[in-house]
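Structural description and commentary
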Amino acid sequence: MYLNREEERMLDGEFGEGVAKCMKLLVTLGELFEAKEMVKIRSSHVSGVSYKNIGDPGLELIESFAEENVKVKVKTTLNPMGMDRERWKEMGLERSFAEKQLRIVKAYEKMGVISTCTCTPYLVGNNPKFGEHVAWAETSATVYANSVLGAKTNRESGLSAFASAVTGRTPYYGYHLEENRKPTVHVKLKFKPKDSLEFSVLGYLVGKNFPNSVPFISGLHEASLDELKTLGAGLASAGAITLYHVEKLTPESRFFRDEDVKNCEKFSVGQEDIRKTISEISEEEFDCVFLGCPHCSLEQLENVADFLRGKKVNCRLWVFTSKQVFEKAKKLGYIDIIESAGGLVLSDTCMIVSPFEKLNITKVVTDSCKAAYYLPSTVGVKVKLENPRKILEEITV
Ligand code: F3S
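Not measured: the values here are computed from a predicted model. (Residues numbered from 1 in each chain as written. Predicted model: local features only at pLDDT ≥ 70, side-chain atom pairs only at ≥ 80, totals over all residues. Heavy atoms only, no water.)

This part covers the site of the ligand. Inspection of the region around the ligand gives Pro-80, Cys-119, Glu-138, Ser-140, Gly-292, Cys-293, Pro-294, Cys-350, Ile-352 and Lys-370 as its neighbouring residues. Because more than half of its atoms lie within 2 Å of the grid, the ligand is assigned to the second largest pocket. Counting residues per element, the shell around the ligand draws most heavily on strand β12 (residues 288-296), which supplies 3 residues. Broken down by class, the residue content of the shell around the ligand amounts to 6 nonpolar, 2 polar and 2 charged. Summarising the domain contributions, the shell around the ligand has at least three residues from each of domain 1 (5-178) and domain 3 (282-395). (Near = heavy atom within 4 Å. 1 Å grid on protein atoms, 1.4 Å probe; cavity = no way out; pocket = protein on both sides within 12 Å on 5 of 7 lines; lining within 4 Å. Sits in = over half its atoms within 2 Å of the grid points. Helix = DSSP H or I, 4+ residues; strand = E, 2+ residues; numbered from the N terminus. Nonpolar A, V, L, I, M, F, W, Y, C, P; charged D, E, K, R; others polar. Domains from an automatic or database assignment.)

Burial along strand β9 (residues 215-218) is two-sided: the face carrying Pro-215 and Ile-217 and the face carrying Phe-216 and Ser-218 are both buried. Judged from the 4 bridges that link them, strand β8 (residues 185-189) and β9 form a sheet pairing that is parallel. In the strand pairing of β9, Val-185 is matched with Pro-215. With respect to chirality, the unit in which β8 leads through helix α7 (residues 196-209) into the neighbouring parallel β9 is right-handed. Where β9 meets strand β10 (residues 245-246), 2 bridges bridge the pair, whose relative direction is parallel. Residue Ile-217 lies in a different strand from β10, and its bridge partner there is Val-246. Handedness of the β9-helix α8 (residues 225-238)-β10 crossover: right-handed. (Buried < 20%, exposed > 50% of the residue type's maximum accessible area, 1.4 Å probe, protein only. Pairing = 2+ DSSP bridges. Right-handed = clockwise from strand over helix to strand, strands pointing away.)

Of all 9 residues in helix α5 (residues 139-147), 9 are buried, a share of seventy percent or more. Listed as buried for α5 are Thr-139, Ser-140, Ala-141, Thr-142, Val-143, Tyr-144, Ala-145, Asn-146 and Ser-147. For α5, the elements touching its buried residues are β2 (43-46), β5 (135-137), β6 (155-156), α8, β12 and α14 (369-379). (Contact = heavy atoms within 4.5 Å.)

Looking at the assigned domains, one finds that the chain contains domain 1 (5-178), domain 2 (182-270) and domain 3 (282-395). Using C-alpha coordinates to define each centre, domain 1 is positioned 27 Å away from domain 2. Of the residues lining the interface, 18 residues belong to domain 1; the matching set on domain 2 comes to 19 residues. Regarding the contact of domain 1 and domain 2, the summed buried area is about 1,500 Å², with carbon and sulfur atoms giving 64% of it. For the pair domain 1 and domain 2, the interface holds 0 salt bridges. (Buried area = accessible area lost by both parts, 1.4 Å probe. Salt bridge = Lys/Arg side-chain N within 4 Å of Asp/Glu carboxyl O.)

Our focus in this paragraph is the packing of α7 against α14. Helix packing for two helices is described by the angle between their axes and how far apart those axes are. Look at α7 against α14: their axes get within 8 Å of each other, and the N-to-C directions meet at 60 degrees. Here α14 runs oblique to α7, going by the angle between their axes. Contact residues: α7 offers Ser-200, Val-201 and Tyr-204, while α14 offers Cys-369, Lys-370 and Tyr-373. When grouped by side-chain class, the residues that make up the contact of α7 with α14 number 4 nonpolar, 1 polar and 1 charged. (Axes fitted to C-alpha atoms, helices over the stretch in contact; angles between N-to-C directions. Parallel < 35°, antiparallel > 145°, perpendicular 65-115°, else oblique.)

Let us now look at unusual backbone geometry. Cis peptide bonds are those with omega within 30 degrees of zero, and the linkage from Cys-293 to Pro-294 qualifies with -5 degrees. By the secondary structure assignment, Pro-294 is in strand β12. Positive phi, normally seen in glycine, also occurs at Asn-69, with a value near 70 degrees. Relative to the helices and strands, Asn-69 is located in the loop between α3 (51-67) and β3 (75-78). Phi at Glu-138 takes a positive value of approximately 80 degrees, unusual for a residue other than glycine.

Within this structure, the stated rule accounts for 25 salt bridges. The partner of Glu-6 in a salt bridge is Lys-73, and the shortest N-O contact between them spans 3.7 Å. Remark: Lys-73 occurs in the loop between α3 and β3 and Glu-6 occurs in helix α1 (residues 5-11); sequence separation between them is 67 residues. For Glu-68, the salt bridge is made with Lys-21, and the minimal N-O distance between the two is 3.3 Å. One end of the pair, Glu-68, is in the loop between α3 and β3; the other, Lys-21, is in helix α2 (residues 17-32), and 47 residues separate them in sequence. For Glu-68, a relative accessible area of 33% translates into the label partly exposed. Connected via shared salt-bridge partners are Arg-5, Glu-8, Arg-9 and Glu-14.

The next thing to look at is the layout of surface pockets. When its volume is computed, the largest pocket comes out at roughly 560 Å³. Every residue lining the largest pocket is counted, 23 residues in all, and those nearest its centre are Ser-196, Gln-300, Asn-303, Asp-367 and Pro-388. Put simply, the parts of the chain that give the lining of the largest pocket at least two residues each are α8, β12, α11 (298-308) and α15 (388-395). Here the lining of the largest pocket is composed, by residue class, of 8 nonpolar, 8 polar and 7 charged. Each of domain 2 (182-270) and domain 3 (282-395) contributes no fewer than three residues to the lining of the largest pocket. Along the walls of the second largest pocket sit 21 residues, with Asn-79, Glu-138, Ile-352, Val-353 and Lys-370 positioned nearest its centre. Within the residue set of the lining of the second largest pocket, elements represented by two or more residues are α5, β12 and α14. In terms of residues, the lining of the second largest pocket owes the most to one element, β12, which gives 4 residues. Here the lining of the second largest pocket is built from residues that sort into 10 nonpolar, 9 polar and 2 charged. Both domain 1 (5-178) and domain 3 (282-395) contribute no fewer than three residues apiece to the lining of the second largest pocket. (Points joined across faces, edges and corners; volume = space filled by probe spheres on them.)

What follows is the structure, given as structure tokens:
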């Protein structure tokens, strides 16, 4: 693999042991995937932040980099951590967990990382432009960066994204190359998804059937950014989809001609397929509501607040977002409305990466296929799928 002079100096340890370790990891990765060279990146997004997931070995590794005075070279954000940094007691978590979690975040901060912990970094200022190379981890964020923003990233691990943040480089292979960004399956919609649940299930269904594809979706004439976010999270959860195109809606779709799509495998999805999929993966009961997978935007929090104004919820309602969106929503009064109704808005964390198994929650309702996919296998929780409006109607008096 070709390295330029600066990259060689990084590998040789001229910028310190920590930088050398990061460059070595990227060279190994690049050689594994037959990358010919490195490419400079504009930003990074690092996963593997929760103490629940990385434990003491991960904590020690991150602190060791921070102690060596390693600094990130590009704008770098973090994925959700295992708790809300101010409200961990309300989540029912122990001090010993909170202390270790905060040490992880502090070590990242010392290295220059922006410590908002969210799976929607593009809503809090890590917002790459069309065509820029980045190194992002977190499946839902990666697919959004590639598909909706038109940036270029592979689906990085927490460690490779961190190594890229430190060196400002990533191996030049996979979705960084134009030839790998072409559609491989043509998804024809025979219905119009009408809410976040249907976007999520559509993504799940395509991801399950074509796990390593680049879908080109036609027949979807309009979708908000929140709906594309939800669609992408669904696509990336059941499969390894890292890039999709929606005809006339996502930025790269305009580059593909009929012949590019004509030779792709075909897959049609109708309303009945969505209904069947929901009934296959959805349980009937729930005692807790989760909204915000991926993390809620300001507009989604506004919708929840609008519905809950003057009402009361009759079961546990947890809504997840990033710290920055939380603060904006607080100023606009949305948080107070949701919490006066009995809900709890948590920031910088989520149900999958918190030590949820200790909280005595066994049955959950959500509008997210990603949550429905991971919750049963990671924390043994049963999941009902429902659209957010219906969920709120069911739990309010
Ligand atoms: Fe985000 Fe957690 Fe869902 S990281 S996409 S809220 S599983």
